[in-house]
Amino acid sequence: MELMEAIFGRRSVRDYLPDAVPQEAINRLVDAAIHAPNAINQQPWSFAVVQERSLLDQISRDAKAHLLSIRSTAPMPAHLYERLADPDFHIFYHAPTLIVISAIAQGPWIVEDCALAAENLMLAAHGAGFGSCWIGLAQAWFGTPKGKETIGVPEPHVPVAPIIVGRPRTPAPAVPRKTPEVRWIS
Ligand SMILES: Cc1cc2nc3c(=O)[nH]c(=O)nc-3n(C[C@H](O)[C@H](O)[C@H](O)COP(=O)(O)O)c2cc1C
């Protein structure tokens, strides 16, 4: 796929077929991710792949409960809490695969590095015919001791980017962009 076609065609997908994502395809996505630019070439990332449906369901429940429990300390927009309180809302949209990119080094740019790896991974997924979506709603729970233990991230390291991947069941609509503010400084 041509680069600009990939950039303009990628969508956050929230409706998936149950088909498993093959291991070779995941390896290819990780390979694309690690070719992201990264500060001082530290390559601080690690990748946890979760495909067991019952574990994904459990993490979804735990992440929702966790966000509701910390509502007073880390407020989000009100409509998100309505969704979190809905027992039928699955934060991973029943996607067959979750890849969590974590920073396993220390330094001032580790989060940026992992975010760039995440964008590479999502673009590569789109290029290979998969859908993807960064699930920020899972981040707080993955940052807890239980969350880190579940994906094998030792303290003091940080999970950064939980990304679901799978074959889209339906095409995701394009989300309009605001006109960017661009200041030409002279
Ligand atoms: C840091 C981050 C966190 C996000 N968290 C969620 C999330 O928890 N659930 C969700 O459905 N989408 C999530 N998204 C996807 C955004 O809603 C989406 O990127 C945005 O609406 C633009 O749509 P597009 O990706 O299709 O262009 C997240 C995206 C980013 C970058």
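Rules and cut-offs
Residues numbered from 1 in each chain as written. Predicted model: local features only at pLDDT ≥ 70, side-chain atom pairs only at ≥ 80, totals over all residues. Heavy atoms only, no water. Salt bridge = Lys/Arg side-chain N within 4 Å of Asp/Glu carboxyl O. Buried < 20%, exposed > 50% of the residue type's maximum accessible area, 1.4 Å probe, protein only. Helix = DSSP H or I, 4+ residues; strand = E, 2+ residues; numbered from the N terminus. Arc of directions from axis to C-beta. Contact = heavy atoms within 4.5 Å. Axes fitted to C-alpha atoms, helices over the stretch in contact; angles between N-to-C directions. Parallel < 35°, antiparallel > 145°, perpendicular 65-115°, else oblique. Left-handed = near helix turned anticlockwise from the far one by under 90°. Nonpolar A, V, L, I, M, F, W, Y, C, P; charged D, E, K, R; others polar.

1. A closer look at the pattern of salt bridges
One pass over the full model with this rule turns up 4 salt bridges. Note that E155 is salt-bridged to K148, the shortest N-O span being 2.9 Å. Residue E155 is classed as exposed on the basis of its relative accessible area of 51%. K148 gets classed as buried once you look at its relative accessible area, which sits at 6%.

2. Brief notes about helix α2 (residues 23-33)
Considered for burial, the residues of α2 that qualify are A25, I26, L29, V30 and A33. Each buried residue of α2 sits inside an arc of 140° when the element is viewed along its axis, so together they form one side. Opposite its buried face, α2 presents the exposed residues E24 and R28, each directed more than 90 degrees away. Along its buried surface, α2 packs onto β1 (45-50), β2 (97-103), α5 (110-127) and β4 (158-166).

3. Describing the packing of α2 against α5
Helix packing for two helices is described by the angle between their axes and how far apart those axes are. Between α2 and α5, the least distance of the axes is 7 Å, while the angle of their chain directions is 135°. Taken together, the axes of α2 and α5 are oblique relative to one another. α2 and α5 meet at a crossing whose hand is right-handed. Two secondary-structure elements touch here, α2 through L29, A32 and A33 and α5 through A117, N120, L121, A124 and A125. For the contact of α2 with α5, a count of residues per class yields 7 nonpolar, 1 polar and no charged.

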